[in-house]
Amino acid sequence: MTLPIVGVLSLVLWFVVPDTSHLFGIVGSYDSFDYGLWRFVPSFLLSGLWGKIVGVLIAAIAIYFMAELNNENVLLRISSRMLSSMLAALLAISVPCHIFQPGGVVMILILLSFFPLFKTYQSPSPVFSLILYLHISVASLVFPKILYITPLYWFLQGYMRSLSLKSFVASIIGIIAPYWFFLGIEIYLGNLPSFMEHVNSIVDIQWVGYAVFHKNTIVLFAFMLLLFVSGTFDFYRNSFLDKTRTRIIYNVVVLHAISIITFIMLQPQYFFVLYPVFVVDTSIMFGHFISLTYNRFTHIYCIVLALVLLAMMALRYFV
């Protein structure tokens, strides 16, 4: 009953608790070329009740895929829905994820990229490599700079002994294919300058500083970091209990999360787009901790974390 109960509580947090997005300094406009084709999304879907409804549908899709990812790769040594339940809970407490924004689409596509990535373990399959990088490339249509994560995936494939010349060429084709169709459509419509602006936004790097981080954003990010570090530390402390393939997969998730954290610190203006991806990684690591750790200290620690979370949510209205 864990997932249904968490699902109901998540919906309560999503729709019943007063909207506090303004307390995070969230900017609702994503109409610049930094967000690619997102500027064509109808404005009524980006705020208000419709924004929340679409946001919760995006979250539900991600939760379903997390459950399938766990089933397919046996990420836990026990039969449990804790990873998908953890993702539901973390998305529910994360106000930046409650509205329909590019980060939700990027989150789903990055989560989907884990399926072919994990399938390539010790198997350099060009087909799975093509599908893997197609997900990243499609995600870049709404957030072009996510392409900077491509070298990380090459490294992860090398770490999983699945990078070969054929799979590397397949990755290049996977990255180029969506842009090939995108370019053709823009030429047909006579919008070639728009395509060039999209490509230019990939290499247009700016530094805006950490002033864009609102205090509530910092607190939420710090709390999520705490969960990630706790889950990671516990995993490495007990990793000998997992199978070799499972340990490799969790190492991949840790490296992926560290890269996303680095991306956020280097380009803080994209926090709200990258944060949902980090939530996916954190839910895997902390879900492992919650599911497989049983001792007095960790029980007390989880109670303390719950109290800290309640304090965080309450103080949003008073501080």
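To be clear, the structure that these remarks concern was listed above.
Residues numbered from 1 in each chain as written. Predicted model: local features only at pLDDT ≥ 70, side-chain atom pairs only at ≥ 80, totals over all residues. Heavy atoms only, no water.

Novice: So what's going on with the overall build of the chain? Which residues, and what values?
Specialist: A tally of regular secondary structure across the chain gives 12 helices and zero strands. Helices and strands in the chain line up, N terminus first, as α-α-α-α-α-α-α-α-α-α-α-α. Once the C-alpha set of the chain is aligned to its principal axes, its extents read approximately 65 × 50 × 35 Å. When each of the 319 residues of the chain is scored for burial, the buried share is 53%. Partitioning the contacts of the chain with sequence separation of at least 6, the portion at a separation of at least 24 is 81%. With the model as given, the accessible surface of the chain reaches about 14,700 Å², and the carbon-plus-sulfur share is 74%. For the chain, the distance from the average site of its 15 positive side-chain charges to the average site of its 11 negative ones is 14 Å. (Helix = DSSP H or I, 4+ residues; strand = E, 2+ residues; numbered from the N terminus. Buried < 20%, exposed > 50% of the residue type's maximum accessible area, 1.4 Å probe, protein only. Contact = heavy atoms within 4.5 Å. Areas by Shrake-Rupley, 256 points an atom, 1.4 Å probe, with all protein chains shown as cover. Lys, Arg positive; Asp, Glu negative; His and termini not counted. Charge placed at Lys NZ, Arg CZ, Asp CG, Glu CD.)

Novice: An account of the nonpolar core is requested, with residue identities and associated values reported.
Specialist: One finds Leu-69, Phe-114, Leu-117, Phe-118, Tyr-153 and Met-224 to be the most contacted residues of the largest nonpolar core, which totals 97 residues. Tallying contributions element by element places helix 11 (residues 271-292) first for this core, with 14 residues. Among residues more than four places away in sequence, those in contact with Leu-117 are Leu-132, Tyr-153, Leu-156, Gln-157, Met-160 and Val-252. (Core = buried A, V, L, I, M, F, W, Y, C linked by side-chain atoms within 4.5 Å.)

Novice: Let's hear about helix 1 (residues 2-15): which residues, and what values?
Specialist: Note on helix geometry: an α-helix contains 3.6 residues per turn, so any two residues three or four positions apart are oriented the same way. With 14 residues, helix 1 ought to run about 20 Å at 1.5 Å a step, and its terminal C-alpha atoms sit 20 Å apart, in line with that. Considered for burial, the residues of helix 1 that qualify are Val-6, Ser-10 and Trp-14. Along helix 1, the residues classed as buried sweep out an arc of 75° about the axis, all on the same side. In helix 1, the exposed positions that point more than 90 degrees away from the buried face belong to Val-8 and Leu-9. Summarising the contacts, the buried residues of helix 1 are in contact with helix 2 (48-73) and helix 3 (82-93). (Expected span 1.5 Å × (residues − 1). Arc of directions from axis to C-beta.)

Novice: I'd like to hear about empty space enclosed by the protein, residue by residue, with values.
Specialist: Scanning the model with the defined rule gives one cavity of 30 Å³ or more in all. By volume, the largest cavity is sized at about 90 Å³. Lining the largest cavity are Trp-14, Gly-55, Ile-58, Ala-59, Leu-91, Cys-97, Ile-99, Phe-100, Gln-101, Gly-104, Met-107 and Pro-276. If you list the elements that add at least two residues to the lining of the largest cavity, you get helix 2 and helix 4 (102-119). Counting residues per element, the lining of the largest cavity draws most heavily on helix 2, which supplies three residues. Looking at the lining of the largest cavity residue by residue, the classes come out as nine nonpolar, three polar and no charged. (1 Å grid on protein atoms, 1.4 Å probe; cavity = no way out; pocket = protein on both sides within 12 Å on 5 of 7 lines; lining within 4 Å. Points joined across faces, edges and corners; volume = space filled by probe spheres on them. Nonpolar A, V, L, I, M, F, W, Y, C, P; charged D, E, K, R; others polar.)

Novice: Kindly report on a nonpolar patch on the surface, identifying the contributing residues and their values.
Specialist: Taken together, the side chains of Leu-163, Leu-165, Phe-168, Val-169, Ile-172, Ile-173, Ile-176, Trp-180 and Phe-181 define a hydrophobic patch exposed on the protein surface, amounting to about 920 Å² of accessible area. The topology assignment puts Val-169 in helix 7 (residues 165-189). Under the relative-accessibility criterion, Val-169 is labelled partly exposed at 40%. (Patch = residues over 30% accessible without salt bridge, like charges linked within 9 Å, V, L, I, M, F, W, Y side chains within 5 Å. Salt bridge = Lys/Arg side-chain N within 4 Å of Asp/Glu carboxyl O.)

Novice: Go over the packing of aromatic side chains with me, naming the residues and quoting the values.
Specialist: Aromatic ring pairs are described here by two measures, namely the spacing of the ring centres and the angle between the planes. This structure, assessed with the given rule, holds 27 aromatic pairs. Here Phe-44 and Trp-50 contribute two aromatic rings whose centre-to-centre distance is 6.2 Å and whose plane-to-plane angle is 90°, an arrangement assigned as edge-to-face. Taking the centre distance of 5.5 Å and the plane angle of 55° together, the rings of Tyr-64 and Phe-65 count as tilted. Accessibility expressed as a relative area gives 21% for Phe-65, which makes it partly exposed. The rings of Trp-207, Tyr-210, Phe-213, Phe-221, Phe-228, Phe-271, Phe-272, Tyr-275 and Phe-278 are connected pair by pair, giving a single aromatic cluster. (Phe/Tyr/Trp six-rings, centres within 6.5 Å; stacked < 30°, edge-to-face > 60°.)

Novice: Explain the layout of surface pockets to me, and be specific about the residues and the numbers.
Specialist: Approximately 490 Å³ is the volume attributed to the largest pocket. Residue lining of the largest pocket: 20 residues in total, with Met-86, Ala-89, Phe-286, Ala-306 and Leu-309 positioned closest to the centre. Among the elements of the structure, helix 1, helix 3, helix 9 (215-238), helix 11 and helix 12 (296-315) are those that each provide at least two residues to the lining of the largest pocket. The greatest single-element share of the lining of the largest pocket, amounting to six residues, is contributed by helix 3. When its residues are assigned to classes, the lining of the largest pocket shows 17 nonpolar, three polar and no charged.

Novice: Can you tell me about the side chain of His-256, naming the residues and giving the values?
Specialist: Here His-256 is to be found in helix 10 (residues 244-266). Here His-256 is in contact with Ile-110, Phe-114, Ile-149, Leu-152, Tyr-153, Val-277 and Asp-281, once residues within four sequence places are set aside.

Novice: With reference to specific residues and values, describe the packing of helix 10 against helix 11.
Specialist: Viewed as axis vectors pointing N to C, helix 10 and helix 11 meet at an angle of 150°, and their least axial separation amounts to 9 Å. Between helix 10 and helix 11, the angle falls in the class roughly antiparallel. Along this stretch, helix 10 crosses helix 11, giving a crossing that reads as left-handed. From helix 10, Tyr-250, Val-253, Val-254, His-256, Ala-257, Ile-260, Ile-261, Phe-263 and Ile-264 reach across to helix 11, where they touch Phe-271, Leu-274, Tyr-275, Val-277, Phe-278, Asp-281, Ile-284, Met-285 and His-288. Across the contact of helix 10 with helix 11, the residue classes tally to 15 nonpolar, two polar and one charged. (Axes fitted to C-alpha atoms, helices over the stretch in contact; angles between N-to-C directions. Parallel < 35°, antiparallel > 145°, perpendicular 65-115°, else oblique. Left-handed = near helix turned anticlockwise from the far one by under 90°.)

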